[in-house]
Amino acid sequence: MEFYAQHVGDRWIFYHRERRVGIWTEMEHPPLEDWLELLDSIRRRAARRLLRPEEVDRVAKRIHELFPEAELE
């Protein structure tokens with residue numbers, strides 16, 4: 001299974017596919033693990049100045065909205 005997330009406007013859209021040649025399908029409710037992977041990726045890109053640092057805060061806030069019980073590092 002492969003996954004990717006796309007930033008569109010002020011939201012993130014998650015997609016998945018089963019095989020390399022499969023069709024990308026939008027995920028309605030991505031699990032917490034996918035959001036945490038996205039946050040980790042954004043933190044690394046922000047450290048290399050490829051993304052603005054504010055994006056880290058936006059994604060962390062969205063994770064707290066969707067998963068109030070989640071503890072972020």
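Going by the structure above, here's the rest.
Heads up: these notes are all about the structure in this document. A quick note: this is a predicted structure, and the numbers were derived from the prediction, not measured.

**Observations regarding the sheet that holds strand β2 (residues 11–17)**
Paired through backbone hydrogen bonds, the strands of a sheet run either parallel or antiparallel to each other.
1) Next: The strand order β1-β2-β3 describes an open sheet built from 3 strands, whose pairing is antiparallel. The open sheet is flanked by β1 (2–8) and β3 (25–26), the only strands paired with a single partner.
2) Next: Note: β1 against β2, 7 bridges, orientation antiparallel. Of the residues in β2, the one forming a bridge with V8 is R11.
3) Next: Set on the sheet, helix α1 (residues 32–47) makes contact with β1 and β2; between it and β2 the angle comes to about 115°.

**Section: the pairing of β2**
1) Next: In terms of residue burial, β2 counts as a mostly covered element, since 5 of its 7 residues are buried.
2) Next: Hairpin connection, β1 to β2: the antiparallel pair is bridged by 2 residues, and G9 has positive phi, about 65°.
3) Next: Pairing analysis gives 2 bridges linking β2 to β3, with the strands arranged antiparallel. Residue pairing in the sheet places Y15 in a bridge with E26 of β3.

**Describing the packing of α1 against helix α2 (residues 54–66)**
1) Next: Where α1 meets α2, the closest approach of the two axes is 9 Å, and the angle between their N-to-C directions is 165°. By the angle class used here, α1 and α2 are roughly antiparallel. Once α1 is placed against α2, the crossing between them reads as left-handed. Facing L32, W35, L36, L38, L39, I42, R43 and A46 of α1, the residues of α2 in contact are E55, V56, V59, A60, R62, I63 and L66.

**A closer look at the side chain of E55**
1) Next: Following the sequence through the fold, E55 ends up in helix α2.
2) Next: Under the relative-accessibility criterion, E55 is labelled buried at 6%.
3) Next: A distance of 2.8 Å separates a polar atom in the side chain of E55 from a polar atom in the side chain of R58.
4) Next: Beyond its immediate sequence surroundings of up to four residues, E55 is in contact with H7, W12 and I42.

**Looking at the packing of aromatic side chains**
1) Next: Under the criterion given, the structure shown has 3 aromatic pairs.
2) Next: Between Y4 and Y15, the aromatic rings sit 4.9 Å apart at their centres with planes inclined by 20°, giving stacked as the arrangement. Here Y15 lies in strand β2 and Y4 lies in strand β1, a separation of 11 residues in the sequence.
3) Next: Y15 sits in the buried class, given a relative accessible area of 14%.
4) Next: An angle of 90° between the planes, with centres 4.6 Å apart, marks the rings of Y4 and W24 as edge-to-face. You can see Y4 sitting in strand β1 and its partner W24 sitting in the loop between β2 and β3, a full 20 residues away along the chain.
5) Next: A residue is classified by how much of its surface remains accessible, and Y4, at 35% relative accessible area, is partly exposed.
6) Next: One aromatic cluster is present, built from ring pairs that chain together Y4, Y15 and W24.

Parameters at a glance
Residues numbered from 1 in each chain as written. Predicted model: local features only at pLDDT ≥ 70, side-chain atom pairs only at ≥ 80, totals over all residues. Heavy atoms only, no water. Pairing = 2+ DSSP bridges. Helix = DSSP H or I, 4+ residues; strand = E, 2+ residues; numbered from the N terminus. Contact = heavy atoms within 4.5 Å. Axes fitted to C-alpha atoms, helices over the stretch in contact; angles between N-to-C directions. Buried < 20%, exposed > 50% of the residue type's maximum accessible area, 1.4 Å probe, protein only. Parallel < 35°, antiparallel > 145°, perpendicular 65-115°, else oblique. Left-handed = near helix turned anticlockwise from the far one by under 90°. Polar contact = N/O pair within 3.5 Å; in protein donor to acceptor, adjacent residues only side chain to side chain. Phe/Tyr/Trp six-rings, centres within 6.5 Å; stacked < 30°, edge-to-face > 60°.

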